[in-house]
Amino acid sequence: MNNVFGLDIGTRNVVGTVGYQTDDKEFVVTAQYVREHETRAMLDGQIHDIGRVAKTIKEVKDELEKQTGQPLEEVCIAAAGRVLKTVTTHVEYEYAQESVVTGEDVHTLDLLGIEKAQEALKEVNDTSYKFYCVGYSTVKFFLNDEVFISLEGHKANKIGEDIIVTFLPEDVVDGLYAAVGQAGLSVANMTLEPIAAINVAIPENYRMLNIALVDVGAGTSDISITRDGSIIAYGMIPHAGDELTEVIVQHFLVDFNMAESIKLQSTTSDTVTYKDIMSIEHTIPAQDVWDVAAPVVDNIAQEVSTKIRELNGDKTVSACFVVGGGGKIHGFTEKLAEDLDLPEERVALRGEEVLGDVTFEQEDIKKDPLLVTPIGICLNYYDQRNNFIMVRFNGERIKLYDNNRLTIVDAALQAGFPNDELFPKRGTPINFTVNGVARLVRGEAGDGAVVTMNGKPASINTPLEPNSEIVIEPSTAGEAAVYKISQLDEYNHSVITFIINGRRVSCPRFVQVNGELEPEDYSIRENDVIETRNYYTVRQIAQFMDLVIDTDQMIFVNNEEAGLDTLVYENFSVEWKTDEYGVARIDNNTYNDTQESDTDEASVLAEQDANSTESDNTVARTSEQMMNQVLDELHDDFAKEAEASAVPENELPKNELPKNDIQEEDSSENTITVIVNGEPVELSGKDTYIFVDIFTHISFDLQAGKGRAIATVINGRDAQFSEELHEGDKIELYWKEN
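Residues numbered from 1 in each chain as written. Predicted model: local features only at pLDDT ≥ 70, side-chain atom pairs only at ≥ 80, totals over all residues. Heavy atoms only, no water.

- As recorded by an unreviewed UniProt entry, the protein carries the name Pilus assembly protein PilM and is attributed to Agathobacter rectalis.

Below, the structure written as structure tokens:
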């Protein structure tokens, strides 16, 4: 026997009920307790003083624990409020092939309907309120486009439903949760008060009729309409029993609690005894109270009848049932019948007759209209238990269908948290070309989202707990890519060789960016066009070799007379006389400066080198220094020459790739390839990789679940998002079909 604890947190009092449902659907009440608020801590069904309401709830909880001898930790509640919104919508779900409809399929359909209704409400919401779904009812089911009473167990290609979803402002719901939490309880299930009431007051076999149910409480009057076997509408007005109490306060000069006593006495006795604020005792006929309350009763009845007609397509109903303590005031049902153009016998209080399937173990409890909603709250638990759990995600309360496999990532997706803020993001990449070949340098990897649940560190695959507080700080982007000319292979390992006076000299290739010569520390930018020059001028060769040419003597390039600005290509020969001659010093063996192998020629060159006149102030410079000097002095002139010069076909770099290939520059040595849904995916840029890293390399919409769970499989077994990946791992990633 598992007891259910239900609380009807009303404007005037809190009614607590503990009981259980038997196999034959009878509900047994094992304990019940009613406690009035000490002050007006609630108005119009909404909590105004959370602390005082929590105190009253705690007193009810303690008393029921004493009666049952069992601790009470979870509670079912119902919400009410003057700003109720309802949305009716139609949703469908189509199977890939004919399938048997399961209970989980039906619940998924409900979830789709709630999501669609939420979106529809957002589009028309013209208030400052943020609305939260507090309940829903299915109007009709459809099996392959045919109307059905129930879907479960049937075979279908397509299922659908018309669903009516109710919403209240989030602060109303937050107030309820806060008060219940301060009383040491957690919410097991929440519904709307009229939904709870109608499940008791109007059984399904009555719903073929066009009937209205009015639950008149202290702060609000809740209305439900049935027709053609379904609940078709819900409504709420902020007029109820407290308005009667307030007029009694003013007329009889009493405080609010005494006025409540006067109102209650007038419904059960012919005379009413009370003390006014002067402590004078009075005894008056109940008729005097009825006369004072009559204008307010008329107004409430008029407001209720107007709302009923509005919800029922601007026409009256066939009958009206009234429940709740406020409905017991003298003359209310008669006036409501008049306003609805119904015979008086078709508007009646419902109490004992609708509680026929309810048994009270406490003999002193009388079946009363006041108890309809509290019993309905408990029964609603059996209709919707375990279907949904509620959590707070980054301050927003959300409801998720509970398939016993929910994780934090499901809450994030349900809340619309951007998936690019869930997983690490790389910094801005650089796209550029080198000698016509596209290159990409990725930015640094950022940090993943920081996840906590109830203030403790968690991960996106941590199982969800009901009523938990989840906070996700968005992932961060890494540093933007930085890449310099000095890091290019073409700059470090590609040289151009000339034969100078019979000696082979290898020089670094000049690099120009967007047609301009740039030094090795130039930071490459987006869409830069980079080209390595395949020539030097005579002047540049001399400067690189740190020598001064004797311009009074002839200069020959490939045995033809030349000048200082003549272009010299790969393997061209140059002959000159020098005033000063030296060999540029080579750092880190980046460039080769070799002599021809012929011994005699080497001797001649050595003799020539020895006979050269060297300045005492000449300092041998590194290739880097020489390059910078050349770039500084000849930047403009030789950029123009490069554009004007035609490059021989046989001098193009041998390792040039097709122009439509993209090469990726990455300093990381650890690159692995995994198979994702049958396709190879290369991961690079990190020392190690985990499952979530694949989301930065593939296209997978994490918001397309529509209530389905995500399957993560690695090498044939279930995988965790934080699991490390290895070379050749086979990964499957898809949405599970319900």
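Continuing now.
## Some remarks on the overall build of the protein
Stage number 1. Counting secondary structure elements, the protein contains 14 helices and 44 strands.
Stage number 2. Looking at the protein as a whole, 50% of its 738 residues are labelled buried.
Stage number 3. When contacts within the protein are restricted to residue pairs at least 6 apart in sequence, long-range pairs at least 24 apart make up 66% of them.
Stage number 4. For the protein, the accessible surface area stands at approximately 35,000 Å², while carbon and sulfur atoms represent 45% of it. (Helix = DSSP H or I, 4+ residues; strand = E, 2+ residues; numbered from the N terminus. Buried < 20%, exposed > 50% of the residue type's maximum accessible area, 1.4 Å probe, protein only. Contact = heavy atoms within 4.5 Å. Areas by Shrake-Rupley, 256 points an atom, 1.4 Å probe, with all protein chains shown as cover.)

## Thoughts on the side chain of Thr245
Stage number 1. In this structure, Thr245 sits in helix H5 (residues 241-252).
Stage number 2. Since its relative accessible area comes to 0%, Thr245 is described here as buried.
Stage number 3. In this structure the side chain of Thr245 is engaged in a polar contact, spanning 2.5 Å, whose partner is the side chain of Glu260.
Stage number 4. With sequence-adjacent residues up to four places away left out, Thr245 is seen in contact with Phe256, Ala259, Glu260 and Lys263. (Polar contact = N/O pair within 3.5 Å; in protein donor to acceptor, adjacent residues only side chain to side chain.)

## Looking at the sheet that holds strand E12 (residues 211-216)
Stage number 1. Judged by pairing direction, the sheet is mixed, and its 5 strands sit side by side in the order E14-E13-E12-E17-E18 without closing on themselves. Of all the strands in the sheet, just strand E14 (230-237) and strand E18 (347-349) have a single pairing partner and so form its edges. Within this sheet the neighbouring strands show an average axis-to-axis angle of 20 degrees, counted without direction.
Stage number 2. Strand direction decides the pairing type here: strand E13 (residues 221-227) and E14, joined by 7 bridges, are antiparallel. (Pairing = 2+ DSSP bridges. Axes fitted to C-alpha atoms, helices over the stretch in contact; angles between N-to-C directions.)

## A few points about unusual backbone geometry
Stage number 1. Its identity is not glycine, yet Asp145 carries a phi of approximately 75 degrees, on the positive side.
Stage number 2. Tracing the backbone through its elements, the reader meets Asp145 in the loop between strand E8 (131-143) and strand E9 (146-148).
Stage number 3. Assessed through its relative accessible area of 49%, Asp145 is described here as partly exposed.
Stage number 4. Even without glycine at this site, Asp341 takes up a positive phi of about 60 degrees.
Stage number 5. For Asp341, the location among the structural elements is in the loop between helix H8 (332-339) and E18.

## Concerning the packing of aromatic side chains
Stage number 1. In this structure the tally under the stated criterion is 9 aromatic pairs.
Stage number 2. Between Tyr381 and Tyr382 the ring centres are 5.6 Å apart and the planes differ by 80 degrees, which places this aromatic pair in the edge-to-face class.
Stage number 3. Connected via pairs of aromatic rings, a cluster forms that spans Phe498, Phe510 and Tyr536. (Phe/Tyr/Trp six-rings, centres within 6.5 Å; stacked < 30°, edge-to-face > 60°.)

## So, the sheet that holds strand E1 (residues 4-9)
By way of backbone hydrogen bonds, the strands of a sheet pair with one another, either parallel or antiparallel.
Stage number 1. Across the sheet, which stays open at both edges, the 6 strands sit in the order E11-E6-E1-E2-E3-E19 with mixed pairing between neighbours. This sheet does not close on itself; its edge strands, each paired only once, are strand E11 (186-192) and strand E19 (358-360). Pairs of neighbouring strands in the sheet enclose a mean axial angle of 30 degrees, with direction left out of account.
Stage number 2. Pairing of E1 with strand E2 (residues 13-21), which is carried by 6 bridges, proceeds in the antiparallel orientation. By the bridge assignment, Leu7 is partnered in E2 with Gly16.
Stage number 3. Across the sheet, helix H4 (residues 193-201) touches E1, strand E6 (74-79) and E11, and the angle it forms with E11 is around 75 degrees.

## Overview of the nonpolar core
Across soluble globular proteins, nonpolar side chains have a tendency to be buried as a group.
Stage number 1. With 69 residues, the main nonpolar core has Leu7, Ile9, Ile57, Ile77, Met190 and Ile375 as its most contacted residues.
Stage number 2. For Ile375, the residues in contact, after removing those within four places along its chain, are Thr17, Phe27, Val29, Gln32, Val200, Leu355, Val358 and Phe360.
Stage number 3. Within the second largest apolar cluster, 39 residues are counted, among which are Ile398, Phe417, Val674 and Val676. (Core = buried A, V, L, I, M, F, W, Y, C linked by side-chain atoms within 4.5 Å.)

## So, the side chain of Asp276
Stage number 1. Tracing the sequence through the fold places Asp276 in the loop between strand E15 (271-275) and strand E16 (281-285).
Stage number 2. Although buried, Asp276 forms no salt bridge, and the nearest oppositely charged side chain, Lys275, lies 9.0 Å from it.
Stage number 3. Polar contacts involving the side chain of Asp276 include one to the main-chain amide nitrogen of Met278, which spans 2.9 Å.
Stage number 4. The contact partners of Asp276, leaving out residues within four places of it in the chain, are Phe252, Leu253, Val254 and His282. (Lys, Arg positive; Asp, Glu negative; His and termini not counted. Salt bridge = Lys/Arg side-chain N within 4 Å of Asp/Glu carboxyl O.)

## Topic: the packing of H5 against helix H7 (residues 286-311)
Stage number 1. The interhelical angle for the contact between H5 and H7, taken along N-to-C directions, is 140 degrees, at an axis separation of 9 Å. Viewed along their axes, H5 and H7 adopt a mutual orientation that is oblique. Viewed along their axes, H5 and H7 form a crossing whose handedness is right-handed. Contacts between H5 and H7 pair Glu243, Leu244, Val247, Ile248, His251 and Phe252 from the former with Asp288, Val289, Val292, Ala293, Val296, Val297, Asn299 and Ile300 from the latter. (Parallel < 35°, antiparallel > 145°, perpendicular 65-115°, else oblique. Left-handed = near helix turned anticlockwise from the far one by under 90°.)

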